[in-house]
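Structural overview
Residue strings, one per chain:
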Amino acid sequence: MNVKIGKNPLNKGQVRIISSKSDGHRSLIAAALAEEESVLFVDGWSEDLEATVRCLKGLGAEIYQEPSGIEIVPIPRNGGREALLDCGESGSTLRFLLPVAAALGRKVTFDGKGRLPERPIGILLEELAQHGCTVSGDKLPVEISGKLESGVYRLPGNISSQFITGLLFALPLLEGDSEIRLTTDVESRGYIDMTLKTLKIFGVEIIENEHGWFIPGGQTYHGPRMRFTEGDWSNAAFWLTAGAIKGSIGCQGLDMESAQGDRAIVSLLEEFGAESKAILNQITMTHREMKGIRIDAAQIPDLVPILCIAGAAAEGETVIYNAGRLRMKESDRLAVMAECLKKIGVAVEEREEGLLIKGGCNPPEGEVVLDAHNDHRIVMAMAIAAVSLGVDIIIEQADAVKKSYPSFFAELTKLGGVVHVL
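1. Observations concerning the pattern of salt bridges
- Tallied over the entire structure, the rule returns 28 salt bridges.
- Among the salt bridges present, the one from Lys 107 reaches Glu 82, with a minimum N-O distance of 3.9 Å. Taken together, the positions of Lys 107 in the loop between α3 (91–103) and β7 (108–111) and Glu 82 in the loop between β5 (69–73) and β6 (83–86) put the pair 25 residues apart, joining distant regions of the chain.
- The exposure class assigned to Lys 107 is partly exposed, which follows from its relative accessible area of 36%.
- On the accessibility criterion, Glu 82 (56% relative accessible area) is exposed.
- Notably, a salt bridge pairs Arg 327 with Glu 350, separated by 2.9 Å at the nearest N-O pair. With Arg 327 in the loop between β19 (317–321) and α10 (333–343) and Glu 350 in strand β20 (residues 347–351), the pair connects residues that are 23 residues apart, well separated along the chain.
- Relative accessible area serves as the criterion here: at 37%, Glu 350 is assigned to the partly exposed category.
- Look at the salt bridges and you will find they share partners, linking Lys 21, Asp 48, Arg 119, Asp 302, Lys 329, Glu 330, Arg 333, Asp 375, Arg 377 and Lys 403 into a network.

2. Quick word on the layout of surface pockets
- Put simply, the largest pocket is a space of about 510 Å³.
- The wall of the largest pocket is formed by 36 residues, among which Arg 95, Arg 119, Gln 162, Asp 302 and Lys 329 lie closest to the centre.
- Listed by contribution, the elements that provide at least two residues to the lining of the largest pocket are α1 (21–33), α3, α5 (161–170), α6 (189–201) and α11 (376–389).
- Residue composition of the lining of the largest pocket, grouped by class: seven nonpolar, 15 polar and 14 charged.

3. Some remarks on the packing of helix α7 (residues 233–245) against helix α8 (residues 265–272)
- At a minimum axis distance of 10 Å, the contact between α7 and α8 shows a crossing angle of 20°. Viewed along their axes, α7 and α8 adopt a mutual orientation that is roughly parallel. Taken as a pair, α7 and α8 cross one another with a handedness that is right-handed. Residues Trp 233, Ala 237, Leu 240, Thr 241 and Ala 244 of α7 form the contact with α8, whose participating residues are Ile 265, Val 266 and Leu 269.
- Classifying every residue of the contact of α7 with α8 gives seven nonpolar, one polar and no charged.

4. Details of the packing of aromatic side chains
- In this structure the tally under the stated criterion is seven aromatic pairs.
- Judged by centre distance (6.4 Å) and plane angle (85°), the ring pair of Trp 239 and Tyr 405 falls under edge-to-face. Here Trp 239 is found in helix α7, whereas its partner Tyr 405 is found in the loop between β23 (393–396) and α12 (408–414), with 166 residues between them in sequence.
- According to the relative accessible area criterion, Trp 239 is buried, its value standing at 0%.
- Measuring from ring centre to ring centre gives 5.3 Å for Phe 408 and Phe 409, while their planes differ by 75°; the resulting arrangement is edge-to-face.

5. As for the sheet that holds strand β24 (residues 419–421)
- What the four strands build is an open sheet, ordered β22-β23-β1-β24; its pairing is mixed. Because the sheet does not close on itself, it has two edges, and the strands there are β22 (368–371) and β24. Going from strand to strand, the sheet's axes swing by 25° on average, the running direction of each strand aside.
- Here β22 pairs with β23 via four bridges, running parallel. Across the sheet, Val 369 pairs through a bridge with Ile 394, a residue of β23.
- On top of the sheet, α11 reaches β1 (3–5), β22 and β23; it is set at about 170° to β23, its chief contact.

Procedures and definitions
Residues numbered from 1 in each chain as written. Predicted model: local features only at pLDDT ≥ 70, side-chain atom pairs only at ≥ 80, totals over all residues. Heavy atoms only, no water. Salt bridge = Lys/Arg side-chain N within 4 Å of Asp/Glu carboxyl O. Helix = DSSP H or I, 4+ residues; strand = E, 2+ residues; numbered from the N terminus. Buried < 20%, exposed > 50% of the residue type's maximum accessible area, 1.4 Å probe, protein only. 1 Å grid on protein atoms, 1.4 Å probe; cavity = no way out; pocket = protein on both sides within 12 Å on 5 of 7 lines; lining within 4 Å. Points joined across faces, edges and corners; volume = space filled by probe spheres on them. Nonpolar A, V, L, I, M, F, W, Y, C, P; charged D, E, K, R; others polar. Axes fitted to C-alpha atoms, helices over the stretch in contact; angles between N-to-C directions. Parallel < 35°, antiparallel > 145°, perpendicular 65-115°, else oblique. Left-handed = near helix turned anticlockwise from the far one by under 90°. Contact = heavy atoms within 4.5 Å. Phe/Tyr/Trp six-rings, centres within 6.5 Å; stacked < 30°, edge-to-face > 60°. Pairing = 2+ DSSP bridges.

Take it as geometry only, folks, not as evidence of what the structure does.
Below you can see the structure in the form of structure tokens.
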């Protein structure tokens, strides 16, 4: 699907933010590992969450999506059939469930599509192979069998926090105690904190130490019978940035004390110069004169595409660094954002680990056609660029938003955006 986004600016208004995809993944997995049945309330849905539900069903959980909530009957512990788990394009689903399936002792084949088979999992698979599992290879499709054993797991902290999350879910299920030892400084720490918060809610004890985490074995998951997922700060970032650049936009349904790392969007936009106001579970971002800043993206990689648009709207230079991991996301996000910004008339310098953006937008005459490389965050960032920087943009492969935010264009239209499906 291709869409044309008009350059008409957005109106002032509010957006009800859908549930956090990150919180949804974690809540679904924890509930499927629990002793009791439960109901999870999710406001909004996405293809990535559907992938996690599909794979949990493949492991034996019974999950019913009803209007009143998602009913979850946990995975049986005794035995289990062989399964083919299709992770779609969801890196979270794949990396979280690889160790879980191994801890359950299941013979499972994991597969996926899009760029997922290219995204790194070799380091995690090596650790599984060194702890009792048989692994067929180092990339998708991959078959694992055998039962995971307790012990010391060594992982770099700067490749993917998802490796750590997967092990944090799996290791408490093993008979013996385990430890995760980090060999480098950790990045995307906020996502690990989200996992630790979920595990605590489900009664699982994790002890942090100077090297990583100690995980007592023989634990059981006991969660609340009903749970509501948090609003998604990653998706809120698009609307808050639009408000910061031009006008005033509020986002409802957010936890101001959330462990989500992308809550940092508020402080970053304030550093650019915008004004924020928080009341209960709503935060509003209002435009003020913006100036370029330096952004360390090590803990907030998913914010980089929309922060590029903020940098384009700010006076002076914005430097984004420690962002090399973005080259292995749904697209090479550094290269694709540089390409898109240049096409709409923004001066940008692509670097190995980041971007330098010179504020100001001098778009060419007429419509600009952009290839989003099937990347949901590129699509949403460039849609905000159209309405905030004043560029008529045609975005190819715009249906990529279904991966995380299917209602994005509907919300854009409610705020006064002009969207035409081509």
